[in-house]
Structures are given as structure tokens and as C-alpha cells.
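Understanding the architecture of this molecule
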Amino acid sequence: MQWTRDTALDNWARFGLVARVLKALSNASVFLFLVLPLVVLSNCGGTLATFTGYEALQETLVPTGNMDPVIYLTYGPDWWVLAVMVFAAAGLGSAWRGGIPRSLIGGAAAIGGLIALDGAISFFNPPTDVQSWSPNPGNGGDAIGLAFASVVVIELASIAARGWSEAKRAKDKGDWTALGCLATSAAVLLGLGVLAFAVLIIATGGCQC
């Protein structure tokens, strides 16, 4: 492959600029979604506790069951939430400029954010001797997951746009065309999966039952 420079923006290049804006908004939204319930601890009797992302960063108390008096289990700060914030910040920074390397960085940060999100929720797994609840994503957790997954789709679409843009202008079109086809296919397939997940969340109201 050989990069072309100092050429006018075509439609694909303009799409890449739009993708950068969407990527920035998706990563920035993570910090807003942390205000919403990140994790919901529930059992057969209902919801035991709900924590926002910012609350999970503090020391938290979880009631172990329907007892009188209520017995609480103490959890320390959920540092996985901080990791979610770091990955979101890294993705936001990668949106400052375009290019395939920064798209790869942004996609890797989004995948890291999804892994950290899973860790942030699993952090509230009950001890082996107190099987009183199960941690599930709250509305905020679902929204953060969708935001990170959307970033991955956006990054693939951005790479595809760059590939098609370069294929249109470069003399050696083969590699760029292959990159455009591969990234477009991956973006479409993953995008459909994200859309299906979003519809499922809306239809079920985020219920994990």
C-alpha cells in the first residue's frame, strides 16, 4: 500500500471525518452513562442493590439477603470502572486525528473497554459461601457496552472508508480494495449484531431474567 496525500477530500474521506465525530461522541457518552445504574444485584426475591459506575468506584455495601437486622457485605472500590474510563478516554483521544493506525488504537481501546466493563460487573460476584445474588448489567452498563461496541463498528467503517478512498486515487488499487471489502464486511456484520442487541435491550427493558 502507498498513502496518497495533498488531495481533495472525496465522499469516502468525508465519511471518515463523520466517523471520527461519532467515535468521539460514543466514547464521551461513556462518562455520562456511568451516572446510570452500572450493575444490578438481584436474586429470586428481587433487587438487592443497584450501583452507578461512580458509586462502584467507592466502597459499597451489599445486603446479603432479606434478614432482620440486615447483614451487609463490604466491597472495596471497583477499579475496573476506572479502567472503563481510561479506555474511553483513550478512544476519545484517538478521534483527534484520522488514519488507520488511530482507528486501530480506537478499536483496541473499545475492545479493552468491553473487557473492563465485564470485569466491573463481575467484581460484585458473591463469595462462594454467600450465594445470595447475581450481578447483572444495569441500564448504564448496557448503554456503555453498546457505546463501546458501536465504536468498534465505527472504526471498521472508518478503515473501510479510508480503504475505498485510497483505492479510488492510488495506482495500486488491489490492497486498498481488499482492505475496503474486508473492513466493510466486518462493519456490516458487527453493526447488525449491535443493532440486534440494542433492539433486544429496548424490547426487554434491560431485564436480565
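Remember, it's a predicted structure, so these values are computed and weren't measured experimentally.

1. Describing the side chain of Thr52
Examined against the element boundaries, Thr52 turns out to sit in strand 2 (residues 46-52). Leaving out residues up to four positions away in the same chain, Thr52 has contacts with Leu34, Val35, Leu36, Pro37 and Leu38.

2. A look at the packing of aromatic side chains
Applying the stated criterion across every chain yields a total of four aromatic pairs. Centroid distance Phe51 to Phe124: 5.2 Å. Interplanar angle 15 degrees. Geometry classified as stacked. Note that Phe51 is positioned in strand 2 and Phe124 in the loop between helix 4 (100-122) and strand 5 (134-137), a separation of 73 residues in sequence. Three or more aromatic residues link up through ring pairs in this structure, and these residues are Phe51, Tyr75, Phe123 and Phe124.

3. Quick look at the nonpolar core
Leu41, Phe124 and Ile144 are the most contacted members of the largest nonpolar core, which has 27 residues in total. Of all the secondary-structure elements, those providing two or more residues to this core are strand 1 (37-43), strand 2, helix 3 (79-94), helix 4 and helix 5 (139-169). One finds Ile159, Ala167, Trp176 and Ala183 within the second-largest nonpolar core, a separate group that totals seven residues.

4. Notes on the packing of helix 5 against helix 6 (residues 174-204)
Each pair of packed helices gets described by two things: the angle between the helix axes and the distance between those axes. Where helix 5 meets helix 6, the axes come as close as 8 Å, and the angle between the chain directions of the two elements is 160 degrees. Classified by the angle their axes make, helix 5 and helix 6 are roughly antiparallel. Our pair here, helix 5 against helix 6, has a crossing hand that is left-handed. Across the contact of helix 5 with helix 6, the residue classes tally to 21 nonpolar, six polar and three charged.

5. Quick word on the environment of Ser134
With respect to the element layout, Ser134 can be found in strand 5. Expressed as a C-alpha distance, the spacing of Ser134 and Ile121, which sit 13 residues apart in the sequence, is 9.8 Å. Residue contacts for Ser134: discarding those within four places in its chain leaves Val40, Leu41 and Ser42.

6. A word on the sheet that holds strand 2
Taken together, three strands build an open sheet; the order of strands is 2-1-5 and the sheet is antiparallel. Both outer strands of the open sheet, strand 2 and strand 5, are each paired with one neighbouring strand and no more. Within the sheet, the average angular offset between the axes of one strand and its neighbour, ignoring direction, is 25 degrees. Running over the sheet, helix 4 touches strand 1 and strand 5 and is turned about 40 degrees from strand 1.

Cut-offs and rules
Residues numbered from 1 in each chain as written. Predicted model: local features only at pLDDT ≥ 70, side-chain atom pairs only at ≥ 80, totals over all residues. Heavy atoms only, no water. Helix = DSSP H or I, 4+ residues; strand = E, 2+ residues; numbered from the N terminus. Contact = heavy atoms within 4.5 Å. Phe/Tyr/Trp six-rings, centres within 6.5 Å; stacked < 30°, edge-to-face > 60°. Core = buried A, V, L, I, M, F, W, Y, C linked by side-chain atoms within 4.5 Å. Buried < 20%, exposed > 50% of the residue type's maximum accessible area, 1.4 Å probe, protein only. Axes fitted to C-alpha atoms, helices over the stretch in contact; angles between N-to-C directions. Parallel < 35°, antiparallel > 145°, perpendicular 65-115°, else oblique. Left-handed = near helix turned anticlockwise from the far one by under 90°. Nonpolar A, V, L, I, M, F, W, Y, C, P; charged D, E, K, R; others polar. Pairing = 2+ DSSP bridges.

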